[in-house]
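Residues per chain are reported as follows:
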Amino acid sequence: MTDSNSGTPQPGVPEGEARAVPHRVIGTPAPAEARTMLRPEAESKPPAPRELPSDPPDPRHAKNAERLVSALFILAFLGGAAFIAAYLIFQVHSVEGTLHSNWGLGISMSVVFLALGAGATIWVRHLMPTVELTEERHPMRSADADREAFAETFAEGADTSQFVKRPLVRRTLIAATVPLAIAPIFVLRDLGPLPRKSLNTTVWRKGIRLIEYTTNRPLTPADFSSPGGMITVAPEGFQDDFDAMAKAAVIIIKFRPEQLQPPTVMNWTVDGIVAYSKICTHVGCPAALYEQTTHRILCPCHQSTFDATRGAEVIFGPATRPLPQLPITTDSQGFLIAQSDFHEPVGPSYWERG
Amino acid sequence: MSIDRALRGVGGALDDRFHGAKGFRYLLRKVFPDHWTFLLGEIALYSFIILLLTGTFLTFFFQPSMTEVVYHGSYTHLNGVRMSQAYASTLNISFDVRGGLLIRQIHHWAADLFVAAILAHMLRIFFTGAYRKPREANWLIGLTLFTLALLEGLFGYSLPDDLLSGAGLRITEGVLQSIPIVGTYLAFFLFGGAYPGTVIIPRMYILHVLLIPALILALITAHLFLMFFQKHTQMPGKGRTNTNVVGAPTYPYFMAKTGAFFFFTFGVTALAATFAQINPIWLYGPYNPVGISSGSQPDFYMGFLEGSLRIMPAWQWVVFGHTFAFNVFIPALLPLGLIITGAALWPFLEQWITGDKREHHLNDRPRNAPTRTAIGMTAVTFYGVLWLEGANDVLADHLDVPLYTITWIARIAIFVVPWFTYIITKRICLGLQRKDLHLLEHGVETGIIRQLPSGEFIEETRPVDEEARAVLESRPEPLPLPAGDDAERDNVPAPSMRGTVGRVRGRMNKVLTESVPLTGHGNGYGAPHGDGHGNGHAELGDGHDEHARAGVQAGRPGESGTGEDGGSGSQGQGSGQPDN
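Only a predicted model underlies this, so the values are computations on that prediction, with no experimental measurement involved. (Residues numbered from 1 in each chain as written. Chains lettered and ligands numbered in written order. Predicted model: local features only at pLDDT ≥ 70, side-chain atom pairs only at ≥ 80, totals over all residues.)

Things to note about the overall build of chain A
So, step 1. Within chain A, the regular secondary structure consists of six helices and eleven strands.
So, step 2. Counting over 354 residues, chain A shows a buried share of 31%.
So, step 3. Long-range pairs, those at least 24 residues apart, make up 52% of the contacts in chain A between residues at least 6 apart in sequence. (Helix = DSSP H or I, 4+ residues; strand = E, 2+ residues; numbered from the N terminus. Buried ≥ 20, exposed ≤ 12 C-beta atoms within 10 Å, placed from the backbone. Contact = placed C-beta atoms within 7 Å.)

In structure tokens:
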């Protein structure tokens, strides 16, 4: 606040204000305006010319736009009210109810936002007069003097701090931060156990029965009276263990024994029943599709295709290795059991696999 | 009047404390240029805000736990089924929380829109050259945001622990395992042991709701601050130069427009969430490592990685008991690495090739940078082929073409299509430049045929209007590089142009700056500019008419332009610009 209006009785109060209160008694408080920090409106300087026009050129057009904008805002209001009503009216807890609630809430919500958006857009485009202002753009680069001053200040600070002059301090400080930089790697170590050999084996062991995955029923060769489709099986006792099943899932397919050809290991089959790992050797999706006429096992993720009659060799796709074959036989009661674990790691390739 | 006084009171009180009057006054009048493509970034910003709002709502009900529960709830088809708490709580959000399904679907649609808008925005920036100096840092921030958005999306759609997203996680695990030397360790550390374990959902949850959004928010803040501080670029037009910004002021114009646009974005995602079902996890069922459904597709932004895995031949080395699973880690890391690294290096490579260290605030029209546009389209088609291959099973089904045929087509197309695209795009750009030149020389055809006294028929043309002419003429003149090895014998090559590197630079410069010269033979507007800056790039508004007039007088008919457009050039002068 300046004292420019020196002719007025109170400093800082311009002439006009002062004249409005001519008879001020000494000792009584000054009018409120006298104490405001803001400069009052009536300044001696003429106001700067407007940059923005105050009204659009065509008043009739503007009137129509005004009505339309208001109508849209009213629509948004109604939509908002409808949203609250829909929340109270439509109950969920059933598929049908959820569907209706979703429509009620969604439509009203969409109406609110779209009407607000449309209203605001029409407001800008048809109610506000069109303007185009031009602003100067200055180069990003600072003036040379400023850059020089900065460089000097920086160098001065570095000099005063002794950081440059005293290498002992500098080097020990740098050394002090080195363990700090490595520490997070150690802290993250306990995120999980080391893989060690765990990827090489599954839970399959000699004598574990093959049970049908969904029914948990042990299987006998007699269950496959004729060649047919593919069945997913689990090692008995592990069917609900996700970590075990992620590696141990197996598919079995029944062929006529003469259909099976090398490299299928015939000693690992029972009556033309052959068991392969279900975990794709590409990236581990379950190879779940089987085409009976062509004996092809297909992984639906990336279409690696395996020939079920030839030891699940890769016919097409990005997988590099056949699905490992599980050695199976029958126990004394005639149920299918494993002879041993897989003879190679199942699932996708990894560095230590070899 | 009382409102006015109240506002003044509040404003005064604030200014007393924060000294904002001058700065905020500038803020209110700050000019924002306008172009429809500038809205793409705004869509990304507003989808992110919608994601924050709807995501917060979802956290109130979602339980990021892999503890097994038996479901008994409103979705009766799954009653009695064992599932993780994460899946069960997602079912509850969908069927037992009013508005839960709507918010979940808005969240998912907004996520797709977020990535789509980022992609479109990035393409706009690239094709208009808006990444050029001084905006390289903002380009890099944008690329980081794009990568973070992909990661955020992957974690987000994996959280419900359904069968579809579980397949995605399994693939993630397989990809991690395939990385040489550290792969199995990475997988075991991420999953807390063997796959699937019991910690991956809570871990992804905290990354998805806290760490990555915080990074995104911080980078968006930096992104917007730089955009604000360096001022927005503008598209060429009348009165728009490299040293000004033409547009509407923030208050009230830009504020109202951008507010309206937020409402539109929210409205459209709400509309999609109302009528277009997305990620119906109750149909997929809870995750188990044995099951999978055929024809399963990830969200669209993961499609190119999926296609990349599908297209790859089965290559693998086993060396000294160690496996190099090229069939997995190459397709998983290479395409994204190529695109992101290439995009990150491009602004600097372009600066080096062209030697252009000037600030650029006036955007290029894509046709005026034919090589850049061609390279961009090459990347787009490279991505596009991978993306389509990611849906090869769906395509095979719909087009009734064998699956393996599609993959083989894609394996060839990934090399051929981008290459053809480069050539064709460049031809199109050069053709469009000639068309622009033709318009400048001959004007717009009016359809009026007139017979001359000699009996000859001519078609009348009228010159293009000022606005269009400003657009057509906007093209920064490439800077000449220092003379290289291939210069005249008596010229000593500049140090930076010597040797193999210098020759490569010179050759790349020729390719990169290939254009149909605006200052063609007989072109009425092609006046020799002393400023070496080009029209529309320097002081277009005032200097423009003199240039035009000077051009007619100094029309240098004898000098050869490119040859291709030289033949028609001389006619243009008479009929095209009668007012000159």
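There's more to say after this.
Remarks on the overall build of chain B
So, step 1. Each helix and strand in chain B was counted, giving 20 helices and eight strands.
So, step 2. The buried share of chain B, reckoned over its 580 residues, is 44%.
So, step 3. Considering only residue pairs separated by 6 or more positions, chain B has 73% of its internal contacts joining residues 24 or more positions apart.

Looking at unusual backbone geometry
So, step 1. Of note, the bond from A:Pro262 into A:Pro263 is cis; its omega dihedral lies within 30 degrees of zero at 5°.
So, step 2. Its place among the elements puts A:Pro263 in the loop between strand E4 (250-254) and strand E5 (273-277).
So, step 3. In this model, B:Tyr251 is joined to B:Pro252 through a cis peptide bond whose omega is 5°.
So, step 4. Here B:Pro252 shows up in helix H10 (residues 250-275).
So, step 5. With a phi angle near 50°, B:Phe320 is a residue other than glycine that sits in the positive phi range.
So, step 6. Of note, B:Phe320 is situated in the loop between strand E5 (317-319) and strand E6 (322-324).
So, step 7. For B:Asp400, which is not glycine, the phi dihedral falls at a positive 60°.

Topic: the environment of B:Ile93
All names here are of chain B.
So, step 1. Mapped onto the fold, Ile 93 is located in helix H4 (residues 85-95).
So, step 2. Judged by local crowding, Ile 93 falls into the buried class, with 23 C-beta atoms found within 10 Å.
So, step 3. Separated by 295 residues in sequence, Ile 93 and Leu 388 have C-alpha atoms that sit 33 Å apart.

Regarding the sheet that holds strand E7 (residues 296-298) of chain A
Residues and elements named next belong to chain A.
So, step 1. With antiparallel pairing, four strands are arranged side by side in an open sheet as E6-E7-E8-E9. Taken across any chain shown, the strands that pair with only one partner, and hence form the sheet edges, are strand E6 (289-291) and strand E9 (313-316). Going across the sheet, the axis of each strand differs from the next one's by a mean of 35°, ignoring polarity.
So, step 2. Summarising the sheet, E6 and E7 pair through three bridges and their orientation is antiparallel. The residue bridging Glu 291 from the neighbouring strand is Arg 296, located in E7. (Pairing = 2+ DSSP bridges. Axes fitted to C-alpha atoms, helices over the stretch in contact; angles between N-to-C directions.)

A look at the pairing of E9(A)
All names here are of chain A.
So, step 1. Both strand E8 (residues 305-307) and E9 contribute to a ladder of three bridges, which runs antiparallel. Looking across to E9, one finds that Asp 307 is bridged to Glu 313.
So, step 2. Counting the residues in the hairpin turn of E8 and E9 gives five residues, including Gly 311, whose phi is positive at 60°.

What to know about the sheet that holds strand E4 (residues 244-249) of chain B
So, step 1. Overall, antiparallel pairing links the three strands, which are arranged E1(A)-E4(B)-E1(B) in an open sheet. In the strand order of this sheet, the two ends are held by strand E1 (133-136) of chain A together with strand E1 (31-32) of chain B, each with one partner.
So, step 2. Across two bridges, E1(B) lies against E4(B) in antiparallel orientation. Each residue of the ladder has a partner; that of B:Phe32, found in E4(B), is B:Ala248.
So, step 3. In this fold H10(B) packs onto E1 and E4 of chain B, with an angle of close to 75° to the strand it touches most, E4(B).

Focus: the nonpolar core
Generally speaking, a soluble globular protein has its nonpolar side chains buried in company with each other.
So, step 1. If you look at the biggest cluster of nonpolar residues, it comprises 168 residues, and the most contacted ones within it are A:Leu210, A:Val233, A:Val250, A:Ile252, B:Phe114 and B:Ile118.
So, step 2. Ranked by residue count, the leading element in this core is helix H5 (residues 100-128) of chain B, at 16 residues.
So, step 3. Among residues more than four places away in sequence, those in contact with B:Phe114 are B:Ala44, B:Ser47, B:Phe48, B:Leu51 and B:Ala149.
So, step 4. Within the second largest apolar cluster, six residues are counted, among which are B:Leu437, B:Leu440, B:Leu472 and B:Leu518. (Core = buried A, V, L, I, M, F, W, Y, C linked by C-beta atoms within 7 Å.)

Focus: the interface of chain A and chain B
So, step 1. Each partner contributes residues to the interface: chain A has 75 residues there, and chain B has 86 residues.
So, step 2. Contributions of two or more residues to the side of chain A that touches chain B are made by helix H3 (95-127), E1, helix H6 (242-248) and E9 of chain A.
So, step 3. The biggest single contributor to the side of chain A that touches chain B is H3(A), with 18 residues.
So, step 4. Considered class by class, the residues forming the side of chain A that touches chain B number 45 nonpolar, 22 polar and eight charged. (Nonpolar A, V, L, I, M, F, W, Y, C, P; charged D, E, K, R; others polar.)

Observations regarding the packing of helix H2 (residues 59-89) of chain A against H3(A)
Residues and elements named next belong to chain A.
So, step 1. Where H2 contacts H3, the two axes come as close as 8 Å, and the packing angle between them is 165°. If you check the angle between H2 and H3, you find them roughly antiparallel. Considering only the axes of H2 and H3, their crossing is left-handed. (Parallel < 35°, antiparallel > 145°, perpendicular 65-115°, else oblique. Left-handed = near helix turned anticlockwise from the far one by under 90°.)

Points about the environment of A:Val164
Residue and element names in this part refer to chain A.
So, step 1. Assignment of secondary structure puts Val 164 in the loop between helix H4 (144-161) and helix H5 (167-187).
So, step 2. Classification of Val 164 as exposed rests on a count of 11 C-beta atoms within 10 Å.
So, step 3. When neighbours within four sequence positions are excluded, Val 164 is seen to be in contact with Ala 158 and Asp 159.

Re the environment of A:Pro129
All names here are of chain A.
So, step 1. Of note, Pro 129 is situated in the loop between H3 and E1.
So, step 2. For Pro 129, a count of 13 C-beta atoms within 10 Å corresponds to the partly exposed category.
So, step 3. The sequence separation of Pro 129 and Ser 349 amounts to 220 residues, and the corresponding C-alpha distance is 67 Å.
So, step 4. Not counting chain neighbours up to four residues away, the residues in contact with Pro 129 comprise Pro 53, Asp 55, Pro 56 and Pro 57.

The values are spatial; any link to function lies outside them.
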